[in-house]
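# Working through the structure, step by step
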Amino acid sequence: MDALEVTSRPDEHTQQTNTAVNQMHNETCVNFEISPISDLLVGIYITALVLGLVFNLLTAWPIIQQVRRKNVLGVYLLSLSISDILYILTMPLWIIYYYNDHNWTLGPDLCKLAGFVYYSNMYISIYLLCCISIDRCLAVTFPLKTKTFRRFRYAWIISGIIYIFTASLHILVILMDKVTDPLDKNGRCYETFPMTERVALFNLLRVVIGFLLPLLVLAVCYFQIFRKVQESVGLDDQGKRKVKLLSVGVITIFSVCYAPYHIQLLIRSIAYNYFKVEDYCKFEQGQHFYFSGTLAMTSLNSMVDPLLYVLVSNGMRESVRLCCRTKSCSKTVTEPRLQLQH
């Protein structure tokens with residue numbers, strides 16, 4: 001699952017490398033049979049599938065109630081939940097794939113769809129987490145000055161732009177890289193070793209734009225939120241604890257779910273540009289277990305997102321408990337206290 005992943009070398013060196021790469025493409029570069037990663041991947045995806053589906057469905061109605069009450073946070077939460085559920089629905093395909101030891105038996109079209117949804121969900125989730133963090137920062141730091149900009153309608157527009165931008169970018173990459181058939185002759189879906197030059201360049205762009213820049217935004221937002229909360233005399237200890245939990249939780253998602261994968265992506269792209277082909281393939285063989293594992297860990301965000309932004313709120317938590325006990329969510333859902341209204 002590596003085709004949506006690209007640095008220029010000197011021309012002569014690039015030509016020699018590309019020739020060697022074509023000769024070795026997916027034959028001797030990485031031997032999947034000696035890698036013990038398949039069983040671990042099946043376990044990770046099954047866990048993400050079951051818990052992600054349960055948590056997202058459990059919190060769906062309270063989030064919808066927030067949207068009906070024209071809550072800006074509810075729009076971002078619903079957009080995040082929709083992206084997660086679409087991705088969760090493709091997880092059985094990956095479970096079957098890894099259960100069959102990296103052998104895709106479901107046809108190239110489903111392989112394309114699964115890969116497209118996988119990578120789109122990853123960056124849609126990252127950007128929506130940034131939107132939620134920025135919204136919380138504005139609500140806490142400049143509650144009056146930014147009230148005009150924190151509009152229900154704007155939240156829908158921003159969410160739509162994120163969906164369209166991310167999906168269009170991945171479609172463009174697929175077209176530019178001419179990925180008409182994502183399956184290789186061994187039946188592997190989006191697992192191309194060695195990577196191509198374009199893929200190595202695109203990987204570097206993904207690390208910078210898709211991870212480092214959002215991480216910087218999150219760090220600035222939660223530093224401002226934490227500072228403002230510490231100075232606040234109108235917020236009780238429980239409220240301060242929730243804000244700290246939100247800050248730590250978002251950074252944890254990035255550290256556990258996204259950071260390992262993007263670090264691996266960066267290392268592999270750099271190695272592609274500086275190693276000889278023979279050494280590079282040895283490197284890829286050694287890194288395959290870790291890279292596949294970190295890629296699978298990105299799926300865990302689909303079960304953490306609803307817990308982090310919904311169950312941490314008393315209002316949301318009471319609504320979920322009411323739904324579980326009475327199977328009816330007709331009661332009014334209060335505004336999450338995470339918003340720290342002023």
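Residues numbered from 1 in each chain as written. Predicted model: local features only at pLDDT ≥ 70, side-chain atom pairs only at ≥ 80, totals over all residues. Heavy atoms only, no water.

All right, on to a nonpolar patch on the surface then. Together, Tyr-154, Ile-157, Ile-158, Ile-161, Phe-165, Leu-169 and Leu-172 give the surface a local cluster of nonpolar side chains, amounting to about 600 Å² of exposed area. You can see Leu-172 is positioned in helix α5 (residues 152–176). (Patch = residues over 30% accessible without salt bridge, like charges linked within 9 Å, V, L, I, M, F, W, Y side chains within 5 Å. Areas by Shrake-Rupley, 256 points an atom, 1.4 Å probe, with all protein chains shown as cover. Salt bridge = Lys/Arg side-chain N within 4 Å of Asp/Glu carboxyl O. Helix = DSSP H or I, 4+ residues; strand = E, 2+ residues; numbered from the N terminus.)

Relative to each other, helix α3 (residues 72–99) and helix α4 (residues 108–141) sit at 155°, their axes nearing to 9 Å. In this view, α3 runs roughly antiparallel relative to α4, as classed from their interaxial angle. The hand of the α3/α4 crossing is left-handed. Grouping the constituent residues of the contact of α3 with α4 by class yields 18 nonpolar, six polar and three charged. (Axes fitted to C-alpha atoms, helices over the stretch in contact; angles between N-to-C directions. Parallel < 35°, antiparallel > 145°, perpendicular 65-115°, else oblique. Left-handed = near helix turned anticlockwise from the far one by under 90°. Nonpolar A, V, L, I, M, F, W, Y, C, P; charged D, E, K, R; others polar.)

Attention now goes to the UniProt feature "transmembrane region" (unreviewed entry) in the protein. Residues annotated by UniProt as "transmembrane region" (unreviewed entry) correspond here to residues 40–61, 73–96, 116–134, 154–176, 204–225, 245–267 and 287–312. Here residues 73–96 runs as 100% helix and 0% strand, with 36 Å between its end C-alpha atoms. Span residues 116–134 is 100% helix and 0% strand, its end C-alpha atoms 27 Å apart. (UniProt positions renumbered as here; feature names shortened; annotations may be inferred.)

Take helix α6 (residues 197–231) next. Helix length check: α6, at 35 residues, gives a terminal C-alpha distance of 51 Å against a target of 51 Å (1.5 Å per residue), a fit within 8%. A bend of about 25° at Leu-212 is the largest found in α6, and the proline Pro-214 appears one to four places after it. (Expected span 1.5 Å × (residues − 1). Bend = angle between axes of the 7 residues up to and from the residue.)

With that out of the way, let us pick up the packing of aromatic side chains. On inspection of all chains with the given rule, the structure shows 16 aromatic pairs. A centroid spacing of 5.4 Å and a plane angle of 65° characterise the contact between Trp-94 and Trp-104, whose relative ring orientation is edge-to-face. One end of the pair, Trp-94, is in helix α3; the other, Trp-104, is in the loop between α3 and α4, with 10 residues separating them in the sequence. With relative accessibility at 0%, the residue Trp-94 sits in the buried group. Consider the rings of Phe-289 and Tyr-290, whose centres lie 5.6 Å apart with planes at 80°: the pair is edge-to-face. Pairwise contacts between aromatic rings join Tyr-45, Tyr-87, Trp-94, Tyr-97, Tyr-98, Trp-104, Tyr-118 and Tyr-119 into one cluster. (Phe/Tyr/Trp six-rings, centres within 6.5 Å; stacked < 30°, edge-to-face > 60°. Buried < 20%, exposed > 50% of the residue type's maximum accessible area, 1.4 Å probe, protein only.)

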